[in-house]
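Residue-level structural notes
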Amino acid sequence: MDEEYDVIILGTGLTECVLSGILAVEGKKVLHIDRNDFYGGECASLNLTQLYQRFRNGAEAPASLGRDRDYYIDLIPKFLMQDEGLINVLVYTDVLRYLEFVAIATSMVFCEGKIYKVPSTPSEGLTSPLVGFFQKNSARKFIEFLLNWKKDDPKTHQGLDLDRNTMKEVYDHFSFNEDTQEFIGHAMALHLDEKYKNRSAKETCGPATMYLRSAARALDRNAGSPYIYPQFGLGDLPQGFARLSAVYAGTFMLNTPVDEIVRDESGKFVGVRSGDQTARAKQVIGDPSYFRDNVRKTGRVIRAICILDHAIPNTNADSAQIIMPQRQIGREHDIYITCLSHEQKVCPQGRWIASISTIAETTGEPKEEIAAALKLVGSIEQIFVSVSDIYEPAASGVDDNVFVSRSYDATSHFETVYNDVKDIYKRVTGNELTLQKRPVNAEQEA
């Protein structure tokens, strides 16, 4: 450990492992440290023993739940859209070959007390009750606008500037009512709250276009939703990028305490001390748990892991995402539900794993805030509830060479994680992240 490195990375969450892999491929000498004895950090997938250690003080799991090794339970429940940025990173780095993805059977939205399938094909769009009959033509024109829009071709803009116009102004342009706005903003663009309406339309039109392109890919594959998921849990994602880093001479040290972030007289980072050893580097990247003095709290997220003996009622599927828009449940933020089963290799046959996540709005009992979701899920065998603080870096890191990632939010997708990867990469290197496919035989050559 007593060596000089280009970059030291603390924590093996997905953000950190993606950056570790990319920087190692680019020739950086990387040291990657985690205080835990497993990969993934907050993105880990746990077996039953680990789950009970974390939430039940090491109590033994009921024998009725089955074998320990049959469970891969995500701490951070998320799916991937087929056209989102992280998929491109997986393809271009060739990490995709370490993973096997399966399609999520359905994506649904809660509306007026019932759940409805989010349209993923043109025919479903025509018949869906989520968009009113008299709004369907406007919705069709909006979809054509998104798919035809070209930044450098004003003829495709219809007089709108997606950088300057707000999303509210775009909605007004297409004469959308509240129901259609809710569908676009929450079921397609996956916004957590209504604040997006007063921000740049690009923040909504971009994700909505990504949803449409993902839906098109799903249609080509005869899949029921635009979402995919890696078999055996999300924990394989950071492990895949960690493997990539190791192939390119990255050094990994698990179960290694970080006792001190070493700085020079001016406050700049110079190294990391663990016990009586100090590793030195020009820069450090890490998750907020390693840098409490370099972050600010922005909120709290509620997550509930539920072990079920049935699929979520009325989904009729082995896997599902359900979005509960805030307007429908009297909250300021949406609630997301993901459900997985034996088909995704995350639990034994006859069991389902439902995960609920949202932004905490009170300091009261978290189960009360997610009561609507718990009711929707149905009877629960075991439930594990957590409330975690959300942090963001207090500074860019350019002045002291300390670059901190953001906490994982309550959204059910990885686009915010990919945006964080791009942001940190630019701050660390001074360059935009450009994805270059590595040679097929790179692993043998490295």
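Now for a quick tour of the structure. (Residues numbered from 1 in each chain as written. Predicted model: local features only at pLDDT ≥ 70, side-chain atom pairs only at ≥ 80, totals over all residues. Heavy atoms only, no water.)

With that settled, consider the layout of surface pockets. Estimated volume of the largest pocket: approximately 1300 Å³. For the largest pocket, the lining is made up of 39 residues, of which Asp409, His413, Glu415, Thr416 and Asn419 are closest to its centre. Elements supplying a minimum of two residues to the lining of the largest pocket: helix H3 (85–93), helix H8 (202–220), strand E18 (382–393) and helix H13 (415–429). Looking at which element gives the most residues to the lining of the largest pocket, the answer is H13, with 8 residues. Residue composition of the lining of the largest pocket, grouped by class: 13 nonpolar, 12 polar and 14 charged. (1 Å grid on protein atoms, 1.4 Å probe; cavity = no way out; pocket = protein on both sides within 12 Å on 5 of 7 lines; lining within 4 Å. Points joined across faces, edges and corners; volume = space filled by probe spheres on them. Helix = DSSP H or I, 4+ residues; strand = E, 2+ residues; numbered from the N terminus. Nonpolar A, V, L, I, M, F, W, Y, C, P; charged D, E, K, R; others polar.)

This part is about unusual backbone geometry. When glycine is set aside, most residues are seen to have a negative phi, and most peptide bonds are trans. Within the chain, Gln158 stands out as a residue other than glycine whose phi angle is a positive 50°. Along the chain, the position of Gln158 falls in the loop between helix H5 (136–148) and helix H6 (167–173). Owing to a relative accessible area of 40%, Gln158 belongs among the partly exposed residues under this scheme. Positive phi outside glycine occurs at Asn401, with the angle close to 65°. Along the polypeptide, Asn401 turns up in the loop between E18 and strand E19 (402–404). (Buried < 20%, exposed > 50% of the residue type's maximum accessible area, 1.4 Å probe, protein only.)

Further remarks concern the side chain of Ser412. One can find Ser412 in the loop between E19 and H13. Reaching out from Ser412, the side chain makes a polar contact with the side chain of Gln321 at a distance of 2.3 Å. In contact with Ser412, other than residues within four places in its own chain, are Pro77, Lys78, Phe79, Gln321 and Tyr336. (Polar contact = N/O pair within 3.5 Å; in protein donor to acceptor, adjacent residues only side chain to side chain. Contact = heavy atoms within 4.5 Å.)

Two faces, one strand: in a regular strand the side chains alternate between the faces of the sheet. Burial analysis of strand E15 (residues 320–324) places 5 of its 5 residues in the buried class, which makes it a mostly covered element. Looking at chain direction, strand E7 (residues 106–111) and E15 are connected through 4 bridges and run parallel. Bridge pairing in E15 links Ser107 to Gln321. (Pairing = 2+ DSSP bridges.)

On to the nonpolar core, then. Taken as a class, soluble globular proteins show a tendency for nonpolar side chains to be buried jointly. Formed by 97 residues in total, the largest nonpolar core has its most connected members in Leu14, Phe142, Phe241 and Ile285. The greatest single-element share of this core, amounting to 7 residues, is contributed by helix H1 (residues 14–25). Dropping the residues within four chain positions of it, Leu14 is found in contact with Cys43, Leu86, Leu237, Pro238, Phe241, Tyr408, Phe414 and Val417. One finds Met108, Ile335, Ile356 and Val377 within the second-largest nonpolar core, a separate group that totals 24 residues. (Core = buried A, V, L, I, M, F, W, Y, C linked by side-chain atoms within 4.5 Å.)

As a further point, take the packing of aromatic side chains. Per the stated rule, a full pass over the model turns up 14 aromatic pairs. A centroid spacing of 6.4 Å and a plane angle of 50° characterise the contact between Phe79 and Tyr227, whose relative ring orientation is tilted. With Phe79 in the loop between strand E4 (73–74) and strand E5 (80–81) and Tyr227 in strand E9 (residues 227–230), this residue pair connects regions lying 148 residues apart in the sequence. Phe79 sits in the buried class, given a relative accessible area of 1%. When the centroid spacing of 5.6 Å and the interplanar angle of 90° are considered together, the rings of Phe142 and Phe176 count as edge-to-face. Taken as a pair, Phe142 in helix H5 and Phe176 in the loop between H6 and helix H7 (178–188) lie far apart in primary sequence, 34 residues in all. An identical accessibility class is assigned to Phe142 and Phe176; each is buried. Taken together, the aromatic side chains of Phe142, Phe145, Tyr171, Phe174, Phe176 and Tyr196 make up a single cluster linked through ring pairs. (Phe/Tyr/Trp six-rings, centres within 6.5 Å; stacked < 30°, edge-to-face > 60°.)

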